[in-house]
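One letter stands for each residue in the lines below.
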Amino acid sequence: LKMSWLWLYLPLHLLMATCLCHSIKAPTTSSQQSFKADLFNFYHSLILADGKETTIHLLKDIPKRYYFVLEEGRALAPFSITVTPCDVPIEWSILVYKPPPGFPGKATPGDRDTQEVSKSQKAPSMVSTIFNYKGNSVETYMGMSSHSALYLLEFLSTERDTHITVYLTTDTTSGHLYPELPMDPRIDVIGVGHTTVTLTWKHSPSVLQHRESIQYCLLVNEKHNYKSLCAAETAIRSSGMKLPPTLALSLSPYLLEPQQVMILSNSELSIINKVSSGEVRQVCMGTKNTYTVPNLSPSTQYYFDVFIVNLLTNASAAYTGTFARTLEEPEPKVTEMKDGKVIHVVLDGKKQKLYSLQYQARHKKIHFTFQLCRGQVRVHITRNGKTVASENLSGLRYLSLKGKLLDTYLVQLRSTEESNSSVKVQVTPHFHKPLFPLLPESLKIKSFSKLRTCRSVTIAWLGTQEESKYCVYRKRIEEDQIWRELQSADRCSGPESRHKSEKVLCKYFYDLNLQRAVTTETIKGLEAGTFYLFDVYLFGPSGIPVRYHSKVVKTRKKC
């Protein structure tokens, strides 16, 4: 900065400094040379705004200086400086200009700033270092001066380019920019499960005073704790991800990145970021000070940081972070399979647990049969620990596998959707005695629009080359029930689950020529302008039915 610019802002101190510069003769001592160098640093510094958080960008190994002046005419001038490193550790210090002996406005012997001068410095000194810090923690210096003074802040990053935030205030009585932390700012882990961790922390005094504009936000990751919110933001951005300001903690609407997932439920905002080092999760839960983190991975160490955030200013304060390791996933219970026995498995979609079946082969060749009853299911089969099959099930599926006597097969099933799924499983070495009937190419039911009347509907379905029994059922439904009926249909349930009044007819048929293996039925006695749900059940030699895909048809209103 030029001298003419400084005159506009600091007339008293520039007058002092200018008089000093003109009064100092050719340097005769090292202290005079040091003083001139320090004055040069003041002239080439930026002014630091009072009462405003300032973001400062630092280049590696290049110091950056800011200065501020305490207000004149006050008996005591308190001030506070908070520095928040947003990445790597930095060095920063506070220097104060003290007029030389005999100069008007010099410090009194009891001046606190004078008392804080490091003992290692040689007196007298015109510029004194009153505070010095190195690290990446949020640090606050509070001072008090009994005279007008000129202060210089110097910042240096020796590791790499970075940025910091600095907050200076000389008004320490009208509140704080940053929310207050409790006397004990630790986060307590009060519960650990296989996929959950329960945390609690003491309330911030700011929550009691400004409940509407203050909220708690939790950051979960698998790497390490963060000492400030801006440090967490910087780390996530460095992984190649773009984030909105303050990790979207202000709940402002914005567009998510492709690798982000946002979940809003029960007034809680969750944002999940997929990064190379794992998953970073952010949850804002209002003013609740107890939270259970769900959907974690078993046997994994997680780090938890809680930030108290002022939604009006985006200023935040960090609790002392903690960590916890989720419990190891228990070994799944294994159900032994027996030849020809059908096992009906119901899978919990929310918990995503595996269901395991085990079978020891008594023949070289065995046959698995899977009938998907509801939902979506994935099956994974291993033989002696090696994978032999892995796929998503659809309808009825036969798998024939060849191995050795006494081979051990492990069948693992899991639901691939959040709702519950179910499947029937059978294993047998005798494929000539199938559990399920021979199936047609398609299990769809077709209706003929041109053959619809106000009182009847004509449907058709495919048969097979094997003589089998087919039973037709109908059910009257409302239009708003159609989607629910089709989604909740249990494809493994037989006619025994239906009301007797819903049965229309049963018939036998087959055709050796598959091109002609088609049958039709006209269902009469219906009501005009009404929706009906039609089902066809196919019975094989074993008596176990296979249900065709349900069909909804509406009769004509006018004929």
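These figures come from a predicted structure and were not determined experimentally.

Enquirer: Lay out the overall build of the protein in plain terms, naming residues and giving numbers.
Expert: From N to C terminus, the protein includes seven helices and 36 strands. Considering the protein as a whole, with its 559 residues, one finds that 44% of them fall into the buried category. Long-range pairs, those at least 24 residues apart, make up 73% of the contacts in the protein with a sequence separation of at least 6.

Enquirer: Give a description of the packing of aromatic side chains that names residues and reports values.
Expert: Between two aromatic rings, the relevant description is the distance of the centres plus the angle of the planes. Under the criterion given, the structure shown has 17 aromatic pairs. Each ring, one from Phe 68 and one from Phe 79, has its centre 5.6 Å from the other, and the planes form 55 degrees; the classification is tilted. In this pair, Phe 68 sits in strand E3 (residues 64-69) while Phe 79 sits in strand E4 (residues 77-85), placing the two residues eleven residues apart along the sequence. Residue classification places Phe 79 among the buried residues on the basis of a relative accessible area of 1%. Ring geometry for Tyr 303 and Phe 323: centres 5.9 Å apart, planes at 45 degrees, overall tilted. Of the two residues, Tyr 303 is situated in strand E17 (residues 301-310) and Phe 323 in strand E19 (residues 322-325); the sequence distance between them amounts to 20 residues. Relative accessible area serves as the criterion here: at 18%, Tyr 303 is assigned to the buried category.

Enquirer: Tell me what's going on with the sheet that holds strand E10 (residues 187-192), and back it up with residues and numbers.
Expert: Strand order in the open sheet formed by three strands is E10-E11-E16, with antiparallel pairing between adjacent strands. Strands at the two margins of the open sheet, each flanked by one partner only, are E10 and strand E16 (290-293). The sheet shows a mean angle of 25 degrees between the axes of neighbouring strands, taken without regard to direction. As judged from the five bridges shared by E10 and strand E11 (residues 197-201), these two strands associate in the antiparallel manner. Paired with Ile 187 across the bridge in E11 is Trp 201.

Enquirer: Please provide a residue-by-residue account of the layout of surface pockets, values included.
Expert: What the second largest pocket holds in volume is close to 980 Å³. Lining the second largest pocket are 25 residues, with Glu 329, Lys 351, Gln 352, Lys 353 and Leu 354 positioned closest to its centre. Looking at the lining of the second largest pocket, the elements with two or more residues in it are strand E20 (334-336), strand E21 (343-347) and strand E22 (355-360). Looking at the lining of the second largest pocket residue by residue, the class counts come to nine nonpolar, eight polar and eight charged. If you count residues domain by domain, the lining of the second largest pocket takes at least three from each of domain 2 (178-242 + 278-330) and domain 3 (334-428).

Enquirer: Account for the state of the cysteines, naming residues and giving values.
Expert: One pass over the structure, following the stated rule, counts five disulfides. Paired by a disulfide, Cys 86 and Cys 230 hold their sulfur atoms 2.1 Å apart. An S-S torsion of about -95 degrees defines the bridge between Cys 86 and Cys 230 as left-handed. Linking Cys 86 in the loop between E4 and strand E5 (90-97) with Cys 230 in helix H6 (residues 229-238), this pair joins segments that are 144 residues apart in sequence. For the pair shown, Cys 86 and Cys 230 are each scored as buried. Each sulfur of the disulfide joining Cys 454 and Cys 559 lies 1.9 Å from the other. Across the disulfide from Cys 454 to Cys 559, rotation about the S-S bond amounts to roughly 120 degrees, and the bridge is consequently right-handed. Taken together, the residues span a long stretch of sequence, with Cys 454 in the loop between strand E29 (446-447) and strand E30 (457-462) and Cys 559 in the segment after strand E36 (551-554) at a distance of 105 residues. Indicated for the protein is the disulfide connectivity 1-3, 2-4, 5-8, 6-10, 7-9, based on numbering the bonded cysteines in sequence order.

Reading guide: rules and limits
- All chains use their own residue numbering, which begins from 1 and follows the written sequence.
- Totals for whole chains, interfaces and linings use all residues, but because this is a predicted model, local features are given only for residues with pLDDT of at least 70 and pairs of side-chain atoms are given and counted only at 80 or more.
- Hydrogens and waters are ignored; side-chain quantities use all the structure's heavy atoms.
- Here a strand is any run of E in DSSP of at least two residues, a helix any run of H or I of at least four, and the numbering for each starts at the N terminus.
- Each residue is placed in one exposure class: buried if its accessible area under a 1.4 Å probe, protein chains only, is under 20% of its type's maximum, exposed if it is over 50%, and partly exposed if it falls in between.
- When checking whether two residues touch, look at their non-hydrogen atoms; a contact exists if any pair is within 4.5 Å.
- Under the pairing criterion, centres of Phe, Tyr and Trp rings, with the six-membered ring standing for Trp, must be within 6.5 Å; the plane angle then separates stacked pairs below 30 degrees from edge-to-face pairs above 60, leaving the rest tilted.
- Should DSSP find at least two bridges between two strands, the strands are regarded as paired.
- Helix axes are fitted to C-alpha atoms over the stretch in contact, other axes to C-alpha atoms as well, and angles between N-to-C directions run from 0 to 180 degrees.
- Within this scheme a cavity is a closed region of a 1 Å grid, computed over the protein atoms alone, that accommodates a 1.4 Å probe without allowing it to escape, whereas a pocket is open but has protein on both sides within 12 Å along at least five of seven lines; lining residues each have an atom within 4 Å of a point.
- Grid points are joined across faces, edges and corners, and a volume is the space filled by probe spheres set on the points.
- Gly is put with the polar residues, along with every residue not named as nonpolar or charged; the nonpolar set is Ala, Val, Leu, Ile, Met, Phe, Trp, Tyr, Cys and Pro, and the charged set is Asp, Glu, Lys and Arg.
- An automatic or database domain assignment provides the domain bounds reported here.
- Only a pair of cysteine sulfur atoms within 2.5 Å counts as a disulfide in this structure description.

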